[in-house]
Amino acid sequence: MNVTRKNYRELLPEIQEAIRTSSFMSIDGEFTGLLDNNVVNAFDYPREYYSKVRNGGKDFLLIQFGLCTFHFDSVAQRYTHKAFNFYVYPYTNGRRSLDTSFLCQSSCMEFLAEQGFDFNKLFREGIPYMNFVGEQKLKEEFKNQQKTRELRQAENSNANSNNGGIPVPEKYVVYLKEICEKVHEFIKGPEKRLELGEKTNGFVRKLIFETLQKNFNEDGLFLESGIKEGGGRCDRVVILTKEKGNREEVLKRREEEWRKAMMDELDLAVGFSTVIRAITESNKLVVGHNMLLDVCHSLHQFCAELPEDYNEFKDLVHRAFPRLVDTKLMSNMYPFKDKFMNTTLAQLMERLSEEPFKLPVVEPVENCPGYSCKDDMAHEAGYDAFITGVCFISMANYLGVLAKEAKNGSLIDFSLLKPFENKLYLFKVQDIPYMDLVGQDVMPPRDHVFHVTFPSTWNMQNLRSLFGSFGSIFVSWLTDSSAFVALEEREKASLVCKTISSIVGSEPCSVMPFLEYLNKKNGKIGCKEKCLSSLNKIEDTSSSHTPNVARISNCSETSAIIPSGVKRRRSSGESSFAKRIIDPIPEEREDEIDKNLTSPGAGKVDDNGESRGVIRRKEKEKKSEWDVSDNEASDCVRTKRAKRKEFDENDSWD
């Protein structure tokens, strides 16, 4: 069901009731742009990751919000749903203080247009919204207007008692006489409202106001400054009305009407934020798929500005959404991770329709519009929210089957979901699977990781040669001249530290242990020996914390986060690279999945079938995607595929 400014007020009670009575709900968003994938890298800690997401994505807008509530029918032993597809757009109503600037990413806007997104509906009928800061700003503006009205009334009263006022310039004398004649005709006629001073400036309207006060100060006539009927906020006029009754009573009633109008405007301005507040108050489980961006934008636009402090952010998320589950994280953790080759939303639904899973049939609540899994409406936020919820039911029921406590299609046992609650999936991070909103984040030892700088002409072969004596490596590109390199054989990390000078030799490059690089980056300068001692100490206990990074293929490709531009091509030589310590990493495209399943190293590829890496081009062009296309594929086919898949698979926030 599409919800716009036209029907929002009418549907709001139904939406609030659907939230209140739901078993759980799912959400999804569509945006004017996405965070540049090159901003985050494979070895960001959650604190760094959040900072990059906040700084790189908050200037984009969430413009379509999907909400799907799920309700369990205990008689029929099945779920039903109510789906709402909200078009949301910032509130201004002509107020400059509330005017909002935002960014649009051309590829995202083009993609939405290709999916049939109705931009006219967004701009013309988008539901206003306002976070707490904007709401307080508007309330303060109303208070100032109230003070101005009171001062104006006092001035008018003094002007009447003192018979003072602005001297009338000679050029306006005739004009004011014509105004007075119009008022005489108005008093004799049946009309109840007369607008004067149209298309004049504030000085002329002030002259009109004072002239009429002096000449027509009688009961039943009331003067005020206001907006022309049917006009915009800038179309101000002097309004003369006829009203029966005591003057003081009429003025008091008018003041109450003005206050009510201001409260109505405030309600309109808060708009869609009321829905988010209803979700918060319900304390119901909220489900999303790869939902970090959905959560960040929802907080920033509808609740409060994203704080700089990471712990404050986690607290804000938990207060706004007390219970969250990310299906992207679920699908990349036990017991699901070995059963999915691809965890994009569409591929997840397809796999869940096969054994050992069962995709439930979730029909709309009676007499309500809704969706079906057979609909072809991907990237409509309401539909994606529905599919997310259906996938969640299937996965939750599978947990129940494993626990021998439920059958597919029955009521979800929410206690089985505790391991997944309040954790947000971290896209691209190599060894930290999630951001823990209510506990301490996973902080794995990275004694096997090194920061390497080198000439921009270097490629993957050069790095393999540099670290060739230490076994297989995983490479996370930072720029054309720097990268993180992780060793597969963790126990050799101390050997690298001890022989840095001999490793580098005459090569025009530098190798720095991860911890030393981090200290230097954060301004903590310490001696090399202290750093190496710390690394050696970590090495002694690392095996008990995190499993070794394992070599996963003999294919000629290496995982890399690549700067923007054209994809890196694979080398014909042997490649070595590391498996993500905790498995969720960006998905491969379908053609590469098939290739991995039939390649010599396929037996060592994890069942997520996700991107293993790419080889950097020798050219100095910057890159923005993981290269997983075949060398034989034509540039035309590869370009077309990349454009589509950017949103659907490995480089999307899907």
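Below you will find a few notes about this structure.

Procedures and definitions
- Residues numbered from 1 in each chain as written.
- Predicted model: local features only at pLDDT ≥ 70, side-chain atom pairs only at ≥ 80, totals over all residues.
- Heavy atoms only, no water.
- Salt bridge = Lys/Arg side-chain N within 4 Å of Asp/Glu carboxyl O.
- Helix = DSSP H or I, 4+ residues; strand = E, 2+ residues; numbered from the N terminus.
- Buried < 20%, exposed > 50% of the residue type's maximum accessible area, 1.4 Å probe, protein only.
- Axes fitted to C-alpha atoms, helices over the stretch in contact; angles between N-to-C directions.
- Parallel < 35°, antiparallel > 145°, perpendicular 65-115°, else oblique.
- Left-handed = near helix turned anticlockwise from the far one by under 90°.
- Contact = heavy atoms within 4.5 Å.
- Nonpolar A, V, L, I, M, F, W, Y, C, P; charged D, E, K, R; others polar.
- Pairing = 2+ DSSP bridges.
- Core = buried A, V, L, I, M, F, W, Y, C linked by side-chain atoms within 4.5 Å.
- Lys, Arg positive; Asp, Glu negative; His and termini not counted.

Another point: the pattern of salt bridges. Using the criterion set out here, one finds 21 salt bridges in the structure. Residues Glu198 and Lys228 are paired through a salt bridge, measuring 2.5 Å at the closest nitrogen-oxygen approach. Of this pair, Glu198 sits in the loop between β5 (193-196) and α7 (202-215) while Lys228 is found in the loop between β6 (221-227) and β7 (236-242), placing the two residues 30 residues apart along the sequence. For Glu198, a relative accessible area of 42% translates into the label partly exposed. Take Lys228: its relative accessible area is 27%, and that puts it in the partly exposed class. A salt bridge links Asp447 to Arg490; the shortest N-O distance between them is 3.5 Å. Taken together, the positions of Asp447 in the loop between β12 (434-436) and β13 (449-453) and Arg490 in the loop between β15 (482-487) and α16 (493-498) put the pair 43 residues apart, joining distant regions of the chain. This pair shows no difference in class: Asp447 is buried, exactly as Arg490 is. One connected set of salt bridges, linked through shared partners, spans Glu135, Lys139 and Arg277.

As a packed pair, helix α2 (residues 46-57) and helix α10 (residues 292-302) sit with axes 11 Å apart at the nearest point and diverge in direction by 60°. By the angle between their directions, the pair α2 and α10 is classed as oblique. Handedness of the α2/α10 crossing: right-handed. For the pair α2 and α10, the contacting residues are Tyr49, Val53 and Gly57 in the first and Leu292, Leu293, Cys296 and His297 in the second. Of the residues that constitute the contact of α2 with α10, the class distribution is five nonpolar, two polar and no charged.

Okay, the sheet that holds β6 next. The strands making up a sheet associate through backbone hydrogen bonding, with each pair oriented either parallel or antiparallel. Read from one edge of the open sheet, three strands run β5-β7-β6, paired in antiparallel fashion. On the outer flanks of this sheet lie β5 and β6, each paired with one strand and no other. Between one strand axis and the next, the sheet turns through 25° on average, direction left out of account. Sheet analysis places β5 next to β7, joined by four bridges and oriented antiparallel. The partner of Leu196 across the bridge, within β7, is Val238. Packing of helix α8 (residues 247-270) onto the sheet brings it into contact with β6 and β7, and relative to β6 it is tilted by some 20°.

Of note, Phe119 is situated in helix α4 (residues 119-125). Remark: the alpha-carbon pair of Phe119 and Ile63, spanning 56 residues in sequence, is separated by 9.5 Å. Other than its neighbours up to four places away in sequence, Phe119 contacts Met109, Leu112 and Ala113.

Of all seven residues in β7, six are buried; the element is thus mostly enclosed. Here seven bridges tie β6 to β7, and the two strands are oriented antiparallel to one another. The residue bridging Leu223 from the neighbouring strand is Leu240, located in β7.

Quick look at the nonpolar core now. Ranked by internal contacts, the top residues of the largest apolar core, which has 114 residues, are Leu67, Phe86 and Phe392. Element by element, the count of residues in this core is highest for helix α14 (residues 381-402), at twelve residues. Every residue in contact with Leu67, bar those within four places of it in the chain, is listed here: Ile15, Ile19, Met25, Ser26, Ile27, Lys82, Ala83, Phe84, Phe86, Val275, Ile279 and Ala385. Core analysis: the next-biggest nonpolar cluster, separate from the first, contains 22 residues, Met460, Phe467, Ala493 and Val496 among them.

Looking now at the side chain of Asp28. Structurally, Asp28 is set in strand β2 (residues 24-31). Despite being buried, Asp28 has no salt bridge partner; Lys328 is the closest side chain of opposite charge, sitting 12 Å away. If sequence neighbours within four positions are ignored, Asp28 has contacts with Gln64, Phe65, Gly66, Asp294, Ala381, Asp384 and Ala385.

Before going further, it helps to examine unusual backbone geometry. The step from Tyr334 to Pro335 runs through a cis peptide bond, and the omega angle for that step is 5°. Mapping Pro335 onto the fold places it in the loop between α12 (327-331) and α13 (345-352). Pro356 follows Glu355 through a cis peptide bond whose omega is 5°. Note on placement: Pro356 falls in the loop between α13 and β10 (363-364). At Asn283, a position not held by glycine, the phi torsion is positive, near 60°. At Asn290, a residue that is not glycine, the phi angle is positive and equals roughly 50°. Following the sequence through the fold, Asn290 ends up in the loop between β8 (286-288) and α10. Judged by its relative accessible area of 1%, Asn290 falls in the buried class.

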